[in-house]
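Each chain is listed here by its residues.
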Amino acid sequence: EPEVTQTPSHQVTQMGQEVILRCVPISNHLYFYWYRQILGQKVEFLVSFYNNEISEKSEIFDDQFSVERPDGSNFTLKIRSTKLEDSAMYFCASRGRGRYNEQFFGPGTRLTVL
Amino acid sequence: SQELEQSPQSLIVQEGKNLTINCTSSKTLYGLYWYKQKYGEGLIFLMMLQKGGEEKSHEKITAKLDEKKQQSSLHITASQPSHAGIYLCGAPNYGGSQGNLIFGKGTKLSVKP
């Protein structure tokens, strides 16, 4: 069964460093998302990506964040200069056509900023 | 902004018992997703409801959507230890156009053998 994959599963970094989180969405999906979940809190939307551009972003997704789909399969989230409060689980998700199609999530990357 | 309220926050049931989890939206629901999450892991898609009155089942889990009440319920029949985890409801953001989801805080389910 197709699934969303994410690497790495766990990333530890020093404050101020850049990190890139990687995702491989389901191959025929068209909409891609990043969410995050701070420990003990709700899953929060960060950004959606469609047709090779950002289609929506939340207030959390400031200038420190960027997304890319560098090739036909990968979807990346870059945090330029990490802060302690960026420590969280980051989830990639994807869905096919139609606004209300099933949205599938990857296993997540746990980011720890020291 | 739209909020999803889940109840109860946590639930402990004896194996074999039935249970229900509720998710209530502060605004009109244009669809409702249910996911299961094990602590520190990813979200596993359970089912999606699109229309008012819709009911879906997967194995021993049934979900319903009541559009008028802006509410969905998830019912587990004859619970098993494998059902333990955190159940999250998610809904397309009321103001969004790309299907990004907002989530409730989750209901933590423990099943005692």
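Report follows, based on the coordinates. (Residues numbered from 1 in each chain as written. Chains lettered and ligands numbered in written order. Predicted model: local features only at pLDDT ≥ 70, side-chain atom pairs only at ≥ 80, totals over all residues. Heavy atoms only, no water.)

### So, the interface of chain B and chain A
1) Next: If you look at the interface, chain B gives 28 residues, while chain A gives 25 residues.
2) Next: Carbon and sulfur atoms supply 53% of the area buried between chain B and chain A, which totals about 2100 Å² over both sides.
3) Next: In this structure, the connection of chain B to chain A is made through 1 salt bridge.
4) Next: One salt bridge connects Lys42(A) with Glu3(B), and the closest N-O pair in it is separated by 3.2 Å.
5) Next: Here chain B and chain A share 5 residue pairs in polar contact (both at pLDDT 80 or more) between them.
6) Next: Among the secondary structure elements, those contributing two or more residues to the side of chain B that touches chain A are β4 (32–37), β5 (43–49), β9 (85–92) and β10 (101–103) of chain B. (Contact = heavy atoms within 4.5 Å. Buried area = accessible area lost by both parts, 1.4 Å probe. Salt bridge = Lys/Arg side-chain N within 4 Å of Asp/Glu carboxyl O. Polar contact = N/O pair within 3.5 Å; in protein donor to acceptor, adjacent residues only side chain to side chain. Helix = DSSP H or I, 4+ residues; strand = E, 2+ residues; numbered from the N terminus.)

### Examining the pairing of strand β11 (residues 107–112) of chain B
Residues and elements named next belong to chain B.
1) Next: What you see with β11 is a clean split: Thr107, Leu109 and Val111 sit on the buried side and Lys108, Ser110 and Lys112 on the side with no burial.
2) Next: Summarising the sheet, strand β2 (residues 10–14) and β11 pair through 5 bridges and their orientation is parallel. By the bridge assignment for β11, Ser10 is matched with Lys108.
3) Next: As defined by bridge partners, β9 adjoins β11 across 3 bridges and the pair is classed as antiparallel. Considered in β11, the bridge of Gly85 is made with Leu109. (Buried < 20%, exposed > 50% of the residue type's maximum accessible area, 1.4 Å probe, protein only. Pairing = 2+ DSSP bridges.)

### Concerning the sheet that holds strand β7 (residues 61–66) of chain B
All names here are of chain B.
1) Next: Read across the sheet, 5 strands follow the order β1-β3-β8-β7-β6 without closing on themselves; strand pairing throughout is antiparallel. Each edge of the open sheet is held by one strand with a lone partner, namely β1 (4–7) and β6 (55–58). For this sheet the average axis-to-axis angle between neighbouring strands, irrespective of direction, equals 15°.
2) Next: Inspection of the sheet shows β6 paired to β7 by 4 bridges, in the antiparallel sense. (Axes fitted to C-alpha atoms, helices over the stretch in contact; angles between N-to-C directions.)

### What to know about the packing of aromatic side chains
1) Next: Tallying each qualifying case throughout the model produces 17 aromatic pairs over all chains.
2) Next: Relative to Phe103(B), the ring of Phe105(A) lies with its centre 5.9 Å away and its plane at 75°, an arrangement referred to as edge-to-face. Here the residue Phe105(A) occupies a position in strand β10 (residues 103–105), and Phe103(B) occupies one in strand β10, the pair thus bridging two chains. Phe103(B) carries the same exposure label as Phe105(A), and that label is buried.
3) Next: Seen in terms of ring centroids, Tyr35(B) and Phe45(B) are 5.9 Å apart; in terms of plane orientation they differ by 75°. Their pairing is edge-to-face. Taken together, the residues Tyr35(B) in strand β4 and Phe45(B) in strand β5 connect sequence positions 10 residues apart. (Phe/Tyr/Trp six-rings, centres within 6.5 Å; stacked < 30°, edge-to-face > 60°.)

### Focus on the layout of surface pockets
1) Next: Taken as a whole, the largest pocket spans an internal volume of roughly 570 Å³.
2) Next: In terms of lining, the largest pocket is formed by 27 residues, of which the most central are Gln37(A), Gly40(A), Gln41(A), Ile86(B) and Lys105(B).
3) Next: Those elements that provide at least two residues to the lining of the largest pocket are β9 (88–95) and β11 (109–113) of chain A together with β1 and β11 of chain B.
4) Next: Its residues assigned to classes, the lining of the largest pocket shows 9 nonpolar, 11 polar and 7 charged. (1 Å grid on protein atoms, 1.4 Å probe; cavity = no way out; pocket = protein on both sides within 12 Å on 5 of 7 lines; lining within 4 Å. Points joined across faces, edges and corners; volume = space filled by probe spheres on them. Nonpolar A, V, L, I, M, F, W, Y, C, P; charged D, E, K, R; others polar.)

### A look at the state of the cysteines
Chemically, a disulfide is nothing more than a covalent bond linking the sulfur atoms of two cysteines.
1) Next: Taken as a whole and assessed by the stated rule, the structure comprises 2 disulfides over all chains.
2) Next: Paired by a disulfide, Cys23(A) and Cys92(A) hold their sulfur atoms 1.9 Å apart. On the S-S bond that ties Cys23(A) to Cys92(A), the torsion sits near -60°, and the link is left-handed. Remark: Cys92(A) occurs in strand β9 and Cys23(A) occurs in strand β3 (residues 19–24); sequence separation between them is 69 residues.
3) Next: The class of Cys92(A) is buried, set by a relative accessible area of 0%.
4) Next: Bridging Cys23(B) to Cys89(B), the disulfide has an S-S length of 2.0 Å. What sets the handedness of the Cys23(B) and Cys89(B) disulfide is the S-S torsion sign, and at about 75° it is right-handed. (Disulfide = S-S within 2.5 Å.)

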